[in-house]
Amino acid sequence: MATKNEYKDKRDFSKTPEPEGGKLEGNPQNPTFVIQKHDATNLHYDFRLEIDGTLKSWAVPKGPSTNPSVKRMAIPTEDHPLEYGNFEGTIPEGEYGGGTVMIWDKGTFKNLKHDKDGKEISLSKSYKMGTLEFSLEGEKLQGGYALVKMKSGNMKGNWLLIKMDDDDADARRKPTSTQNKSVVSGRTMNEIAKEDKS
Ligand code: MN
C-alpha cells in the first residue's frame, strides 16, 4: 500500500532538479540542520531540522535572527527527505516552489530540551509537544534557539523561531543581510540562478 508522501506528491521529478530522497539514513546522535534561502513567489528561508530520519521544515519569511528579543514567524511545511539538505539550485518556473534555492547555512545541532529532573526529552516528543529547544553548530548561526508552536490566537498552528539569550546572541548582527552567500558554493542567489538554470 502506498503511503502518503506530501513531499513527493507535490513534485514532478522529471521536471524539478530536487532530490526524490528516501536513501539517506539519519544520524540521531549527531543530527543535521539546514537553512535554505528560497526565492519563490515570496522570498523566505526554509529552516529544517533532522528529526526521526526526516527534515522537519518551516518557512521563515524574515529568516533567522541572532537577537533574542526578536520572534520570527515560522510556518510549518511538509517533511523533506534528508537528501534535501544538499540541494542548491533552481526549481523551474511553474513547478511547486519554483525559484532559486541557496544553502544559506548548515551544520549539526544538539537537543537542549530537558524535563525538570534534567532528563532529555527526545526531539520527536518535543516536536509533538510544540516546543523544540536546540543548539546550532552552523557556519553562520551558533548557539541556542527555540521553536515554539502557537496554540491559540489567530496565529494558531504557526511557530515562532527565537534566539536564546546566550553567548552567541547578538542584537547587532544581521546575518540575513550581511552574510548572503552559500555556505557550500560561496555563490550569491544571482550566481546560482544564472549557473543552475533548468
Ligand atoms: Mn521554500
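Remember, predicted model here, so these are calculated numbers, not experimental data. (Residues numbered from 1 in each chain as written. Predicted model: local features only at pLDDT ≥ 70, side-chain atom pairs only at ≥ 80, totals over all residues. Heavy atoms only, no water.)

A. Representation of the overall build of the protein within the structure. Helix and strand counts for the protein come out as four helices and nine strands. N-terminal to C-terminal, the α/β element order of the protein is α-β-β-β-β-β-β-α-β-β-β-α-α. Judged by the C-alpha coordinates and their principal axes, the protein covers about 50 × 50 × 35 Å. Residues classed as buried in the protein amount to 46% of the 198 residues present. Within the protein, residue pairs in contact and separated by at least 24 positions form 58% of the contacts whose partners lie at least 6 positions apart. On the protein, roughly 10,700 Å² of surface is accessible, and the fraction owed to carbon and sulfur atoms is 47%. Each charge class in the protein can be summarised by its mean position, and for the 31 positive and 31 negative side chains these summaries are 5 Å apart. (Helix = DSSP H or I, 4+ residues; strand = E, 2+ residues; numbered from the N terminus. Buried < 20%, exposed > 50% of the residue type's maximum accessible area, 1.4 Å probe, protein only. Contact = heavy atoms within 4.5 Å. Areas by Shrake-Rupley, 256 points an atom, 1.4 Å probe, with all protein chains shown as cover. Lys, Arg positive; Asp, Glu negative; His and termini not counted. Charge placed at Lys NZ, Arg CZ, Asp CG, Glu CD.)

B. Here's a closer look at the pattern of salt bridges. Summed over the entire model, instances satisfying the criterion amount to 13 salt bridges. Its salt-bridge partner being Glu 6, residue Lys 10 comes within 2.9 Å of it at the nearest N-O pair. Across the salt bridge formed by Glu 18 and Arg 11, the nearest N and O atoms sit 3.1 Å from each other. A residue is classified by how much of its surface remains accessible, and Glu 18, at 5% relative accessible area, is buried. Beyond isolated ion pairs, a larger network of salt bridges with shared partners links Glu 6, Lys 10, Arg 11, Glu 18 and Glu 78. (Salt bridge = Lys/Arg side-chain N within 4 Å of Asp/Glu carboxyl O.)

C. Inspection of the pairing of strand 6 (residues 99-111) at higher detail. Taken across its 13 residues, strand 6 has eleven buried, putting it largely inside the fold. Bridging between strand 1 (residues 32-39) and strand 6 involves eight bridges; their strand directions are antiparallel. Looking across to strand 6, one finds that Phe 33 is bridged to Gly 107. The sheet contact formed by strand 5 (residues 89-91) and strand 6 spans three bridges and is antiparallel. In the sheet register, Ile 91 faces strand 6, and the bridge partner there is Gly 99. Bridge analysis of strand 6 against strand 7 (residues 131-138) gives five bridges, and the strand direction is antiparallel. Across the sheet, residue Lys 110 finds its bridge partner in strand 7, namely Ser 135. (Pairing = 2+ DSSP bridges.)

D. Geometry of the packing of aromatic side chains. Per the counting criterion, the structure on display carries nine aromatic pairs. Measuring from centroid to centroid gives 6.0 Å for Tyr 7 and Phe 13, while their planes differ by 40°, and the two rings are tilted. Classification of Phe 13 by relative accessible area gives partly exposed; the value is 23%. Ring geometry for Phe 47 versus Phe 134: centroids 6.0 Å apart, planes at 45°, classification tilted. One end of the pair, Phe 47, is in strand 2 (residues 43-51); the other, Phe 134, is in strand 7, and 87 residues separate them in sequence. By the burial criterion, Phe 47 is buried, and Phe 134 matches it. Looking at Lys 163, its charged tip hangs above the ring of Tyr 145, at a distance of 5.0 Å from the centre. (Phe/Tyr/Trp six-rings, centres within 6.5 Å; stacked < 30°, edge-to-face > 60°. Lys NZ or Arg CZ within 6 Å of the ring centre and 35° of its normal.)

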